[in-house]
Amino acid sequence: MPDTESPASQPIQRTVATDEVVQLCSELIRFESVNTGDPDTIGDGEAQTARYIQQKLEDVGYETIYIESAPGRGNVVCRLEGADRVRGALLIHGHVDVVPADASEWTVHPFSGAVQDGYVWGRGAVDMKDMVAMTLAVAREFKSSGIVPPRDVIFAFVSDEEAGGTWGAQWLVDFYPELFADATEAISEVGGFSITLDDARRAYLVAAAEKGVAWAHLKATGRAGHGSMINDDNAVTRIANAVSRLGSYDFPLTMTATVRSFLDKIHELTGLEFPEDDLAGSIAKLGPVSRIVNATLRNTATPTMLKAGYKANVIPSTAEATVDCRVLPGSEEHFREQIAEIVGDGIEITWTWQPPLEVPFEGPLVEAMKDALTAEDPGAHPVPYMLSGGTDNKAFARLGIAGYGFSPLRLPPELDFASLFHGVDERVPVESLTFGTRVLDRLLRNC
Ligand SMILES: [Zn+2]
């Protein structure tokens with residue numbers, strides 16, 4: 001990483017939290033809290049991780065609540081009282097589960113938590129035991145040093161994010177909403193990481209929007225019969241046509257407020273032009289992050305599952321398909337109508353729907369995030385962006401909580417950060433962890 005600190009930059013602030021964050025991250029990775037999404041193969045890794053976090057919080061004096069939504073699905077919540085108890089609380093949430101990892105593909109064992117070559121290695125290092133460790137380190141420091149934030153801060157460590165939060169954030173929102181009743185805003189994954197613009201400047205991408213996750217379950221019905229007969233009411237033909245039309249549909253470019261302000265800000269910083277007729281091409285010049293941005297330019301509908309028939313010479317009366325749709329903020333109603341129109345008559349659609357999010361990139365909390373970043377990195381330029389996937393912020397949004405992706409990391413320019421999510425050799429730079437801990441420390445003193 002080039003050393004570009006100006007003489008005016010703040011001196012490195014060494015704290016108890018920065019001293020212990022690396023060890024916390026490494027220890028968290030050693031719990032195999034793998035979430036396969038299949039209740040039969042999930043062990044108690046999430047519960048073990050949550051219990052470890054609970055212990056670390058109680059060691060410094062927090063009163064915690066530990067809740068299992070189902071055996072092995074642990075969740076921990078606690079609260080740090082602020083100076084102004086009337087103001088709405090800030091929620092910091094992080095998931096303790098990780099996706100599976102095949103050890104044979106890795107340079108180090110994915111659950112070793114090895115600290116070597118300047119990195120902490122292992123599954124969860126960037127998604128998202130890094131942020132869990134930074135949050136835990138700062139929570140511990142504030143409590144043990146008696147530091148009082150300006151308002152209440154709620155810490156929540158939850159299971160099951162990698163499978164939609166059914167047994168984690170969504171479950172807590174359904175059954176324990178009172179724990180978060182006074183929270184107005186939240187921070188969590190995925191955002192706050194840097195992209196190097198040049199030696200002196202880095203853009204920090206803060207998530208201010210998320211695409212919605214909308215699974216369309218299609219069901220065609222027709223006339224059952226013998227496969228040898230002429231049948232112009234065949235459910236298999238009907239579903240195949242519908243899936244084919246959806247899968248090859250060219251959804252139009254749709255500019256949302258967040259993507260517009262991302263492109264404007266990047267233009268301001270780099271001079272790059274983003275002409276509408278070559279948006280994807282010009283965005284590609286941004287490097288690996290272009291994969292994320294390109295996915296936020298339009299709605300998508302991707303067929304993923306088909307189910308029909310049970311014998312070669314029997315025409316079934318029904319045929320089904322699932323289409324994984326991702327929806328931009330502001331276009332939900334229109335999108336449903338559009339899908340119904342594309343699939344055509346004779347197809348029943350039921351939706352599994354997690355709505356998109358878009359929150360303002362302004363206001364005191366956003367200013368506090370920006371200030372915390374620029375205090376630690378004078379070359380920081382915070383930029384809002386939209387996440388193409390979903391996070392637990394969607395669950396907490398059901399309680400009216402405005403969620404941001406802010407897990408601050410100053411990254412070395414050569415690191416392809418996006419590829420580390422769910423990737424082989426997932427790892428996080430030690431310096432990024434201590435940087436992020438200092439940023440969070442500043443944010444919480446000023447939130
Ligand atoms: Zn995650």
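Counting restarts for each chain: residues are numbered from 1 in the order of the written sequence. The predicted origin of the model limits local features to residues at a pLDDT of at least 70 and limits the giving and counting of side-chain atom pairs to 80 or more, whereas totals for whole chains, interfaces and linings rest on all residues. Values reported for side chains reflect all heavy atoms of the structure, with hydrogen atoms and water molecules removed beforehand.

In the nomenclature of an unreviewed UniProt entry, the protein chain is known as Acetylornithine deacetylase/Succinyl-diaminopimelate desuccinylase of Nakamurella panacisegetis. UniProt positions are given in the numbering used here, feature names are shortened, and annotations may be inferred rather than shown by experiment. Quoted verbatim from the Cofactor (unreviewed entry) field of the UniProt record, the comment on the protein chain reads "Zn(2+)".

Q: Please provide a residue-by-residue account of the sheet that holds strand β15 (residues 347-354), values included.
A: Note on sheets: strands pair through backbone hydrogen bonds, and any given pair is parallel or antiparallel. Between any two strands, at least two bridges found by DSSP are needed for them to pair. Per the convention used, a helix needs a DSSP run of H or I reaching at least four residues, while a strand needs a run of E reaching at least two, with both numbered from the N terminus. Here four strands make up an open sheet; going across it, the order is β12-β14-β10-β15 and the pairing antiparallel. Sheet topology places β12 (300-308) and β15 at the edges, where each strand pairs with a single neighbour. Strand-to-strand, the axes of this sheet are offset by a mean angle of 20 degrees, without reference to chain direction. Note: strand β10 (residues 212-221) against strand β14 (residues 318-327), ten bridges, orientation antiparallel. The residue bridging T221 from the neighbouring strand is T318, located in β14. Contacting β10, β12, β14 and β15, helix α5 (residues 235-247) runs over the sheet at an angle of about 150 degrees to β10. Residue contacts follow a heavy-atom distance rule, with two residues in contact if any of their heavy atoms lie within 4.5 Å. Note on geometry: axes are lines fitted to C-alpha atoms, helical ones only across the stretch in contact, with angles between N-to-C directions running from 0 to 180 degrees. Contacts from helix α9 (residues 332-343) reach β10, β12, β14 and β15, with the element oriented near 150 degrees to β15.

Q: Give a detailed account of the packing of helix α2 (residues 45-59) against helix α3 (residues 129-145), specifying residues and quantitative values.
A: Interhelical geometry of α2 versus α3 gives an angle of 20 degrees and a closest axis separation of 9 Å. Regarding the angle of α2 to α3, the classification is roughly parallel. In this structure, α2 crosses over α3, and the sense of that crossing is right-handed. Contacts between α2 and α3 involve T49, Y52, I53, K56, L57 and D59 from the former and K129, V132, L136, A139 and R140 from the latter. In this scheme, roughly parallel covers angles under 35 degrees and roughly antiparallel covers those over 145, while 65 to 115 is roughly perpendicular and the rest are oblique. Two helices crossing with the near one rotated counterclockwise from the far one by less than a right angle form a left-handed crossing, whereas a clockwise rotation gives a right-handed crossing.

Q: Run through the coordination of the zinc ion, naming residues and quoting values.
A: Ideal geometry at a metal centre: 109.5 degrees between donors when four sit tetrahedrally, and 90 or 180 degrees when six sit octahedrally. Donor selection uses N, O and S atoms within 2.8 Å of the metal (3.2 Å for Na, K and Ca). Since no water is included, sites may look incomplete. Bound to the zinc ion on the protein side are H95 (NE2), D127 (OD), E189 (OE) and E189 (OE), at distances that span 1.8 to 2.7 Å. Think of it this way: with four donors and all angles in the 85 to 135 degree range, the site is tetrahedral; with four or six donors, opposite ones beyond 155 degrees and the rest between 65 and 115, it is square planar or octahedral; otherwise it is irregular. What the four donor atoms of the zinc ion show is an angle range of 52 to 152 degrees at the metal, which sorts the shape as irregular. Taken in sequence order, the residues that donate to the zinc ion follow the motif H-x31-D-x61-E. Note that H95 is positioned in strand β3 (residues 89-95) and D127 in the loop between β5 (119-121) and α3, a separation of 32 residues in sequence.

Q: So what's going on with the domain arrangement of the protein chain? Residues and values would help.
A: Domain delimitation in this document rests on an assignment produced automatically or drawn from a domain database. On domain assignment, one finds that the protein chain holds domain 1 (16-199 + 358-445) and domain 2 (210-354). The C-alpha-based centres of domain 1 and domain 2 are spaced at 31 Å. Listed by partner, the interface residues are 21 residues for domain 1 and 23 residues for domain 2. The term buried area means the drop in 1.4 Å probe accessible area that two parts suffer when joined, counted for both and summed. Buried surface at the junction of domain 1 and domain 2, both sides included, amounts to about 2000 Å², of which 66% is carbon and sulfur. Salt bridges, as used here, are contacts in which a Lys or Arg side-chain nitrogen is within 4 Å of a carboxyl oxygen on Asp or Glu. At the surface where domain 1 touches domain 2, the tally comes to two salt bridges. Notably, a salt bridge pairs R291 with D416, separated by 3.9 Å at the nearest N-O pair. Counted as a polar contact is a pair of N or O atoms within 3.5 Å, where, for protein atoms, one must be capable of donating a hydrogen and the other of accepting one, and residues adjacent in sequence contribute only when both atoms are in side chains. The interface formed by domain 1 and domain 2 holds five residue pairs in polar contact (both at pLDDT 80 or more) in total. Breaking the side of domain 1 that touches domain 2 down by element, the ones donating at least two residues are β8 (193-198), β17 (380-387) and α11 (393-397). At seven residues, β17 tops the list of elements feeding residues into the side of domain 1 that touches domain 2.

Q: Before we move on, can you summarise the confidence of the model for the protein chain with the specific residues and values?
A: Low pLDDT marks regions whose predicted coordinates should not be analysed in detail. Of the residues in the protein chain, 97% reach a pLDDT of 70 or more, and the chain-wide mean stands at 93. pLDDT is a per-residue confidence score from the predictor, ranging from 0 to 100. Here residues 1-12 is modelled with pLDDT under 50, and outside its nearest four sequence neighbours on either side it reaches 19 contacts, counting other chains as well.

Q: How would you sum up the packing of helix α10 (residues 364-376) against helix α12 (residues 430-445)? Please name residues and give values.
A: Between two packed helices, both the angle of their axes relative to each other and the distance between the axes serve to describe the pair. For the pair α10 and α12, interaxial distance at closest approach is 9 Å and the crossing angle is 135 degrees. With respect to α12, the axis of α10 lies oblique. α10 and α12 meet at a crossing whose hand is right-handed. When α10 is examined against α12, the residues L365, A368, M369, A372, L373, A375 and E376 are found in contact with a partner set consisting of F435, R438, V439, R442 and L443. Three residue categories are used. Nonpolar comprises Ala, Val, Leu, Ile, Met, Phe, Trp, Tyr, Cys and Pro, charged comprises Asp, Glu, Lys and Arg, and polar comprises the others, including Gly. Taken together, the residues of the contact of α10 with α12 sort by class into nine nonpolar, no polar and three charged.

Q: How would you sum up the UniProt feature "domain: Peptidase M20 dimerisation" (unreviewed entry) in the protein chain? Please name residues and give values.
A: What UniProt calls "domain: Peptidase M20 dimerisation" (unreviewed entry) maps, in this numbering, to residues 209-344. Overall, residues 209-344 shows 37% helix and 26% strand. The separation of its end C-alpha atoms is 31 Å.

Q: If you had to explain the pairing of strand β9 (residues 201-210) to someone new, which residues and values would you point to?
A: Buried residues dominate β9, accounting for nine of its ten residues. For β8 and β9, the ladder comprises five bridges, and the chain directions are antiparallel. Residue pairing in the sheet places T196 in a bridge with R202 of β9. The hairpin turn running from β8 into β9, its antiparallel successor, is two residues long. As paired strands, β9 and β17 are joined by eight bridges and run parallel to one another. Relative accessibility decides the category of a residue: with a 1.4 Å probe and only protein chains considered, values under 20% of the type maximum give buried, values over 50% give exposed, and everything between is partly exposed.

Q: Break down empty space enclosed by the protein for me, with residues and values.
A: Using only the protein atoms, space was sampled on a 1 Å grid; points where a 1.4 Å probe fits but cannot get out form cavities, open sets with protein on both sides within 12 Å along at least five of seven lines form pockets, and lining residues are those with an atom within 4 Å of a point. Grid points are joined across faces, edges and corners, and a volume is the space filled by probe spheres set on the points. Taken as a whole, this structure holds three cavities of 30 Å³ or more when the rule is applied. Size it by volume and the largest cavity reaches roughly 70 Å³. The wall of the largest cavity is formed by V126, M128, D130, E189, V190, G191, F193, S407, L409, F417 and F421. Residues of the lining of the largest cavity, tallied by class, amount to seven nonpolar, two polar and two charged. Put simply, the second largest cavity is a space of about 60 Å³. Taken together, 15 residues make up the lining of the second largest cavity; nearest its centre are A207, A209, E210, N393 and G403.

Q: Hey, could you go over the packing of aromatic side chains for me, with residue numbers and the actual values?
A: Centre distance and the angle of the planes are the two values used to describe a pair of aromatic rings. Working definition: rings of Phe, Tyr and Trp (its six-membered ring) pair if their centres are within 6.5 Å, and the pair is stacked with planes under 30 degrees apart, edge-to-face with planes over 60 apart, and tilted otherwise. Under the defined criterion, the tally for this structure stands at 14 aromatic pairs. Between the aromatic rings of Y119 and W121, the centroid separation amounts to 6.3 Å while the plane-to-plane angle is 65 degrees, which identifies the pairing as edge-to-face. You'll find Y119 and W121 in the same group, each marked buried. Look at W171 and Y176: their rings are 5.8 Å apart centre to centre, the planes differ by 40 degrees, and that puts the pair in the tilted class. You can call W171 buried: its relative accessible area is 14%. On the basis of relative accessible area, Y176 is assigned to the partly exposed category, the value being 29%. Each residue in the set Y249, F251, F335, W351 and W353 is aromatic and connected to the rest through ring pairs, giving one cluster. The criterion is that NZ of a Lys, or CZ of an Arg, lies within 6 Å of the ring centre and within 35 degrees of the ring normal, and then a charge sits over that ring. Looking at R427, its charged tip hangs above the ring of Y119, at a distance of 5.1 Å from the centre.

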